[in-house]
Amino acid sequence: MSDNIKVVVKVRPLIAREIEEKQKYQWRITNNTLYQLDSNGRDYGQGFTFDKVYCQNTKTADVYNDVARPIVEAAVAGFNGTIFAYGQTSSGKTYTMTGTDEAPGIIPLAVLNLFEIIKNEPGRDFVVR
Ligand SMILES: Nc1ncnc2c1ncn2[C@@H]1O[C@H](COP(=O)(O)OP(=O)(O)OP(=O)(O)O)[C@@H](O)[C@H]1O
């Protein structure tokens, strides 16, 4: 896997609608590999390995610190960086990237982090857009 591109998965809890529909988790996580489960709860097919798989209890702030903070800090040091969320509808992209007042997402955390860095370097000029 490329050192320059990291792909991480953030698993979300079942939402109310899925609990009402009596859906079950269809994936099992071992280390950084996701295994799909069949209707009997047994592994189905091969596993899919990522740079990191975060379980459903992981806080967005933890994902930020692990994955996004180094990219924001590198950007301030002059390295290009991109952070984006990809996933099917209702998978949790908005929750993860925008978040809520109680659990701010990657974007507000990045803005906060960026302006903290800028504040601590009064001798440098920054352009943010
Ligand atoms: N980690 C989480 N913990 C609790 N609830 C979550 C979590 N992640 C997502 N959800 C909830 O799951 C639902 C779907 O998430 P969200 O709207 O972020 O998905 P999305 O990928 O942005 O969907 P779409 O592509 O349709 O806009 C929302 O009700 C959201 O609050």
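Residues numbered from 1 in each chain as written. Predicted model: local features only at pLDDT ≥ 70, side-chain atom pairs only at ≥ 80, totals over all residues.

A few words on the domain arrangement of the protein chain. The assigned domain composition of the protein chain is domain 1 (1–56) and domain 2 (59–121). Inter-centroid distance (C-alpha atoms) of domain 1 to domain 2 is 22 Å. With five residues of domain 1 in contact, the opposing surface of domain 2 contributes five residues. Of the residues contributing to the side of domain 1 that touches domain 2, the split by class is two nonpolar, no polar and three charged. (Domains from an automatic or database assignment. Contact = placed C-beta atoms within 7 Å. Nonpolar A, V, L, I, M, F, W, Y, C, P; charged D, E, K, R; others polar.)

Here the focus is the site of the ligand. Residues in close proximity to the ligand include Arg 12, Pro 13, Ile 15, Gly 87, Thr 89, Ser 90, Ser 91, Gly 92, Lys 93, Thr 94 and Tyr 95, which together make up its full environment. When grouped by side-chain class, the residues that make up the shell around the ligand number three nonpolar, six polar and two charged. Both of domain 1 (1–56) and domain 2 (59–121) provide at least three residues apiece to the shell around the ligand. (Near = placed C-beta within 6 Å.)

Time to look at the packing of helix 2 (residues 60–76) against helix 4 (residues 106–119). Following both chains from N to C, one finds helix 2 and helix 4 inclined at 45°, their axes separated by 10 Å at the closest point. Taken together, helix 2 and helix 4 sit at an angle that is classed as oblique. Viewed along their axes, helix 2 and helix 4 form a crossing whose handedness is right-handed. Of helix 4, the residues touching helix 2 (which contributes Thr 60, Ala 61, Tyr 64, Ala 68, Arg 69, Val 72 and Val 76) are Ile 106, Leu 109, Ala 110, Asn 113, Leu 114 and Ile 117. Of the residues in the contact of helix 2 with helix 4, the class split is 10 nonpolar, two polar and one charged. (Axes fitted to C-alpha atoms, helices over the stretch in contact; angles between N-to-C directions. Helix = DSSP H or I, 4+ residues; strand = E, 2+ residues; numbered from the N terminus. Parallel < 35°, antiparallel > 145°, perpendicular 65-115°, else oblique. Left-handed = near helix turned anticlockwise from the far one by under 90°.)

The strand order 2-3-4 describes an open sheet built from three strands, whose pairing is antiparallel. Of all strands in the sheet, those with a lone pairing partner are strand 2 (27–30) and strand 4 (43–49), marking the two edges. Strand after strand, the sheet turns through a mean of 25° between neighbouring axes, direction not considered. Pairing analysis gives four bridges linking strand 2 to strand 3 (residues 33–37), with the strands arranged antiparallel. Bridge pairing links Arg 28 to Tyr 35 in strand 3. (Pairing = 2+ DSSP bridges.)

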